[in-house]
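The chain contents come next:
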Amino acid sequence: MVTERRKPAEGLVFVHRFVPPEVKPESMTLLLLHGTGGDESDLLQLGRALSPDAALLSPRGRILENGAPRFFRRLAEGVFDMEDLVFRTHELAGFLDAASRAYGLDASRLVAVGYSNGANIAASLLFLHPGSLAAAVLFRPMVPFTPGKLPHLSGTSVLVAGGLRDQIVPREQTERLLDLFKRSGADATLHWEESGHALSEAEIQFARGWLSKLRFQR
Ligand code: MLT
C-alpha cells in the first residue's frame, strides 16, 4: 500500500498573537513557544520580561492531547511521534515564512523562546531548518531526535536552560542536546538552575541578560 506523504498546511495556519515592537522597527522578534497545555497568550508576559522592545509572535500548538495544546504528538511522556514531529516542524517553518511576510518581520532577527514542549519543537526547528532562527532560548528542552547529519548552526546562538531538580527532563538529555548544538557549530551556552521543571525568576533574568548581548549578523 502506498501512503501519501502529508503536505503541511501553508500560510498563517497557527492561531497566534502578534505584538508589534514597542520602539524600534528593527528590533528582534521573539517567537514564543508554550509548553503542553499552554496557548498563544501564555508566554506574552515572559516575552516582555525577556525583552522590553521586541516584537512578539506567539502561536498555539496545533495538536490537542486530552484538550491540552501541544506542538507535536507524543506516544508517552518523553516518547515522541517522530513522523508528526517532523511534519509539525516543517509546518512551523512555513508559518514563520508567512508571518515574516504578513508582519514585515526581519527574518534574520528571529529568536525562539521555547518552554518544555515548545523548547523541543524549537530544537527540532534548529535541526531541520537551521537558517530559520538567529538564536534560541530553550527552557527545559529534551533531545527531540538525534539528527543523522548534523546541521550547520555556526552563527546561531543557543541558550539551554535546565533545572537541576527537573523530574521530566533528565540531566543527561540537557547535556546531550548542548553537545549536539556545539558539534553543529552553534554558539551554545548551558545554564543550570536550582529548580524543577518550572521556570524561576533568576533564570528569566539570566536569559534577559543573555538576549541583550546578542549581536545579529546584519
Ligand atoms: C514533550 O512532550 O515535549 C516533553 O515531554 C515536555 C512536555 O511537554 O511535558
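Here goes a summary of the coordinates provided.

Scoring rules and cut-offs
Residues numbered from 1 in each chain as written. Predicted model: local features only at pLDDT ≥ 70, side-chain atom pairs only at ≥ 80, totals over all residues. Heavy atoms only, no water. Helix = DSSP H or I, 4+ residues; strand = E, 2+ residues; numbered from the N terminus. Buried < 20%, exposed > 50% of the residue type's maximum accessible area, 1.4 Å probe, protein only. Expected span 1.5 Å × (residues − 1). Arc of directions from axis to C-beta. Contact = heavy atoms within 4.5 Å. Salt bridge = Lys/Arg side-chain N within 4 Å of Asp/Glu carboxyl O.

## A short note on unusual backbone geometry
Trans is the prevailing form of peptide bonds, just as negative phi is the prevailing case for residues other than glycine.
Part 1 of the reasoning: One non-glycine residue, asparagine 66, lies in positive phi territory at about 50 degrees.
Part 2 of the reasoning: Checked against the element boundaries, asparagine 66 lands in the loop between strand E4 (63-65) and strand E5 (68-70).
Part 3 of the reasoning: By relative accessible area, asparagine 66 is classed as exposed at 82%.
Part 4 of the reasoning: Although it is not a glycine, arginine 140 adopts a positive phi angle of roughly 60 degrees.

## Some remarks on helix H4 (residues 171-183)
Part 1 of the reasoning: Look at H4: 19 Å from first C-alpha to last across 13 residues, which is about the 18 Å you get at 1.5 Å a residue.
Part 2 of the reasoning: For H4, the complete set of buried residues consists of Gln173, Thr174, Leu177, Leu178, Leu180 and Phe181. Along the axis of H4, the buried positions cluster into a sector of 160 degrees, meaning they face one direction only.
Part 3 of the reasoning: Lining the buried residues of H4 we find helix H3 (117-128), strand E9 (135-139), strand E10 (157-163) and strand E11 (187-193).
Part 4 of the reasoning: Following H4 by one or two positions, glycine 185 has its phi on the positive side, about 95 degrees.

## Observations concerning the pattern of salt bridges
Part 1 of the reasoning: Using the criterion set out here, one finds 13 salt bridges in the structure.
Part 2 of the reasoning: Linking glutamate 40 and arginine 60 is a salt bridge whose minimum nitrogen-to-oxygen distance equals 2.8 Å. Here the residue glutamate 40 occupies a position in the loop between strand E2 (29-33) and helix H1 (44-50), and arginine 60 occupies one in the loop between strand E3 (55-59) and E4, the gap between them amounting to 20 residues.
Part 3 of the reasoning: One salt bridge connects arginine 140 with glutamate 203, and the closest N-O pair in it is separated by 2.7 Å. Residue arginine 140 is located in the loop between E9 and E10, and its partner glutamate 203 is located in helix H5 (residues 201-212); the two are separated by 63 residues in the primary sequence.
Part 4 of the reasoning: Assessed through its relative accessible area of 1%, arginine 140 is described here as buried.
Part 5 of the reasoning: Residues participating in the shared-partner salt-bridge network are Arg62, Asp84, Arg88 and Glu91.

## Observations regarding the environment of alanine 54
Part 1 of the reasoning: Within the fold, alanine 54 resides in the loop between H1 and E3.
Part 2 of the reasoning: Residue alanine 54 is classed as buried on the basis of its relative accessible area, which comes to 0%.
Part 3 of the reasoning: In the structure, alanine 54 is positioned twelve residues away from asparagine 66 in sequence and 33 Å away in space, judged by C-alpha atoms.
Part 4 of the reasoning: In contact with alanine 54, other than residues within four places in its own chain, are Pro20, Pro21, Glu22, Ser27, Met28, Leu30 and Arg48.

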